[in-house]
Amino acid sequence: MIRSFLFSCLIISVGVRSCEGAGASAPANDECVNAFSNLTVAGGTFTLRNVNTYYATTSSDPTGCGGSSYDVWFRTNTPFCAGWRITATTCYQVTGSYDTVLSVHTSCGTAPVVCNNNDASCRDGNYGCTILFCAVSSTVSYTHTGPSTPLYLRLGGYRGSLEPEYGVTGIQVTIDNPCVLQNAKCGNITDGCGQSIVCGPPCDQLPSDDCSVNTMKLDLSSGSVVVPPVNFRSFTDSAYYGKSWTGCAYDITYDGWYRTADPVCAGWRLTASTCGHATFDTMLALYSVCPTSSSKGYALACNDDDPSCNDAGSGGKTGCGATYGSCSSTVSVVANTSSVVYIRVGFPQTPSTPSMMNTGLLVTVDNPCVVRGLSCGNVTDGCGNVIVCGPPCLPSFICSAAPPLDLSTGYVLTGIFNTTKFNTDSAQVTCSSAMFKDGWYRTASMVCPGWQLTASTCNYAQFDTMLSIHDNCTTRSLACNDDDVACSTNKGNCGSYSCSSTVSYNKTGTPSYLYVRVGGPGSYPTSSGMTALELSLTDPCTLRGITCGNYTDGCGNVIPCGPPCPPKPSLECVNAYAVDVSSGSALLPIVSLVGYTTSAAPSTGTMCPYAMKNDGWYKTSAPVCSGWRVTASTCGYARYDTMVARE
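These numbers come from a predicted model, not from an experiment. (Residues numbered from 1 in each chain as written. Predicted model: local features only at pLDDT ≥ 70, side-chain atom pairs only at ≥ 80, totals over all residues. Heavy atoms only, no water.)

Moving on, we come to the environment of Ala402. Following the sequence through the fold, Ala402 ends up in the loop between strand 25 (386–388) and strand 26 (404–405). Separated by 42 residues in sequence, Ala402 and Ala444 have C-alpha atoms that sit 9.9 Å apart. Discounting chain neighbours no more than four positions away, the residues touching Ala402 are Ser396, Trp440, Tyr441, Arg442 and Tyr515. (Helix = DSSP H or I, 4+ residues; strand = E, 2+ residues; numbered from the N terminus. Contact = heavy atoms within 4.5 Å.)

Structure (structure tokens):
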């Protein structure tokens with residue numbers, strides 16, 4: 001790069017200027033200490049126009065992004081407070097062929113807190129440069145978290161670029177206050193300087209005291225919403241929603257209700273948290289319907305204390321000491337069906353209640369890609385929306401180079417791939433025909449004995465697929481499937497056969513990686529084409545239908561299957577397990593009666609047409625008074641032909 005410091009310059013070739021006249025001086029804001037204080041900290045967007053770096057020198061301040069040369073400086077006109085964000089971009093602002101670099105600094109002489117050379121998302125017509133000319137735009141964004149201080153914005157050229165390292169550009173600057181960042185549209189937020197930022201009109205629409213009446217709707221279209229603080233001290237206790245129905249240790253009192261404005265689609269995760277907002281000991285519960293006296297409805301999830309928030313008894317908060325743990329609560333649920341989610345906020349029933357019970361709420365939603373940890377391929381949520389998780393997850397032609405798929409969340413879906421030009425591996429399969437034009441994946445981690453790996457092309461195959469599972473690249477398959485007759489979706493021309501395949505393998509022996517091979521049966525025109533692959537890893541609890549206690553897998557990992565298992569029903573009536581129904585009802589977890597013998601009680605006189613066998617016994621923990629009715633039911637829970645009798 002040849003650079004001339006002469007007056008009245010004329011560009012005559014790339015990076016070469018022919019100039020006449022006296023030497024030109026550097027701009028006034030050539031150094032950080034002389035930065036122009038024209039970045040107005042008031043929120044909003046403005047543009048610094050026609051910023052010229054032709055005669056700028058290269059500052060000695062630390063750089064980032066591979067270096068910044070011929071730079072000029074700007075700073076905020078007042079100290080920048082924690083909770084505010086500054087964004088600067090040269091996108092659609094650059095004149096000519098100028099390769100810009102932007103960085104933000106908290107003081108002169110320090111390394112940038114953020115730096116950017118190329119903003120690939122800017123489609124201003126200059127990205128994707130020729131070898132000679134290029135105007136590569138830059139964008140930086142920084143949310144301040146430390147003590148208040150002026151922020152410095154540095155504009156320079158990319159050091160060593162084949163394009164000019166100086167030129168003329170505009171800089172569009174956006175400064176967002178905490179209301180914008182937290183998507184708060186009403187009430188106030190106090191920033192790191194103690195300033196109260198007005199986010200909008202007063203939030204006079206309080207959460208509802210009754211789930212079914214005028215419940216405040218939360219708009220989560222942006223992914224999150226911060227609900228301003230509300231004093232719940234005057235709220236009344238909701239009827240029919242006691243601890244038996246929430247899964248928490250206490251009843252929720254002084255509670256109010258919010259709801260999502262739109263249904264949460266199956267596969268998405270909703271999280272509600274009072275962490276950082278609670279000034280009293282909160283409880284949270286999530287519901288898919290409003291409970292009523294006739295249909296109480298169990299909570300989807302409930303939480304009293306979030307120990308990760310680490311706010312017990314701090315900051316003048318009440319009722320959160322060693323007795324009650326954390327003030328804050330965080331509750332999360334992944335939707336199994338698409339429905340509105342109701343959020344209940346309140347106080348755990350305890351001997352004393354503070355007079356001021358203020359808390360705000362942060363509610364977020366995560367899409368299925370985030371929930372499942374998918375970084376490639378697509379996933380379709382319960383509302384039919386196709387969520388792009390990343391580029392297609394392509395298999396390898398060679399088993400030893402099989403790409404690892406992360407199944408730590410239990411599920412992964414590859415993108416669509418085409419096997420037409422795949423090679424044929426020599427590994428043997430246990431299907432009736434050999435596999436052709438195949439590709440390989442493997443699990444990113446070893447699979448422990450007790451877990452089940454399932455791979456399927458159902459709903460994705462556009463040709464006649466075949467799948468197999470191996471524990472290395474040389475041995476015969478552990479499991480293989482050609483046609484999944486249970487899959488009713490045929491997207492290809494497979495005649496009377498199913499295009500799709502589904503194969504499962506229950507891991508035994510010692511921990512090992514598992515390899516999944518996908519191809520077609522035989523060298524036929526229909527044995528290659530387009531498909532995607534869905535893989536899932538099923539834990540031992542789900543695989544065995546265990547809903548309480550723990551299960552230890554073949555790696556020694558203790559898998560929680562559910563709450564502690566209560567004692568099983570007794571083999572004989574005299575030792576019947578006592579059930580507490582003082583709250584009006586009790587739900588007993590699923591137990592297995594396999595191995596039970598027929599008790600000594602008479603098998604007749606049960607008022608049923610058949611004698612009862614392989615039976616177990618429960619009893620009420622207290623006498624049932626005359627005039628009261630006892631109902632026991634296995635409806636919705638039985639996995640075999642049950643009988644129930646009252647003695």
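The next thing to look at is the environment of Thr552. With respect to the helices and strands, Thr552 occurs in strand 37 (residues 550–552). What makes Thr552 partly exposed here is its relative accessible area of 47%. Considering only alpha carbons, one finds Thr552 and Gly450, 102 residues apart in sequence, at a separation of 8.6 Å. Residues in contact with Thr552, not counting those within four places in the same chain, are Asn557 and Val558. (Buried < 20%, exposed > 50% of the residue type's maximum accessible area, 1.4 Å probe, protein only.)

Attention now moves to the sheet that holds strand 36 (residues 534–538). If you trace the four strands from one edge of the open sheet to the other, you get 27-36-30-33, paired in antiparallel fashion. Since the sheet does not close on itself, it has two edges, and those belong to strand 27 (411–413) and strand 33 (502–506), each with one partner. Between one strand axis and the next, the sheet turns by 10 degrees as a mean value, whatever way the strands run. For strand 30 (residues 452–456) and strand 33, the ladder comprises five bridges, and the chain directions are antiparallel. Opposite Leu453, over in strand 33, you have Tyr505 as the bridge partner. (Pairing = 2+ DSSP bridges. Axes fitted to C-alpha atoms, helices over the stretch in contact; angles between N-to-C directions.)

It is worth spelling out the side chain of His470 at this point. Counting through the fold element by element, His470 comes out in strand 31 (residues 466–470). Under the relative-accessibility criterion, His470 is labelled buried at 0%. Looking at His470, its side chain comes within polar contact range of the main-chain oxygen of Thr475, at 3.3 Å. When sequence neighbours within four positions are dropped, the list of residues in contact with His470 reads Ala427, Gln428, Val429, Trp440, Thr475, Arg476, Ser477, Leu478, Tyr513, Leu514, Tyr515 and Arg517. (Polar contact = N/O pair within 3.5 Å; in protein donor to acceptor, adjacent residues only side chain to side chain.)

The next subject is the sheet that holds strand 20 (residues 301–303). What the five strands build is an open sheet, ordered 15-17-22-19-20; its pairing is mixed. On the outer flanks of this sheet lie strand 15 (216–218) and strand 20, each paired with one strand and no other. For this sheet, the mean inter-axis angle between neighbouring strands, taken without regard to orientation, is 25 degrees. Across five bridges, strand 19 (residues 283–287) lies against strand 22 (residues 342–348) in antiparallel orientation. Of the residues in strand 22, the one forming a bridge with Met283 is Gly346.

A few words on the pattern of salt bridges. Counted according to the given criterion, the structure contains five salt bridges. As a salt-bridge pair, Arg154 and Asp71 come within 3.0 Å of each other at their nearest N and O atoms. Of this pair, Arg154 sits in strand 11 (residues 152–158) while Asp71 sits in strand 5 (residues 68–76), placing them 83 residues apart in sequence. With respect to class, Arg154 is no different from Asp71; both count as buried. Measuring nitrogen to oxygen at the nearest pair gives 2.8 Å for the salt bridge that ties Arg85 to Asp176. Of this pair, Arg85 sits in strand 6 (residues 85–89) while Asp176 is found in strand 12 (residues 168–176), placing the two residues 91 residues apart along the sequence. (Salt bridge = Lys/Arg side-chain N within 4 Å of Asp/Glu carboxyl O.)

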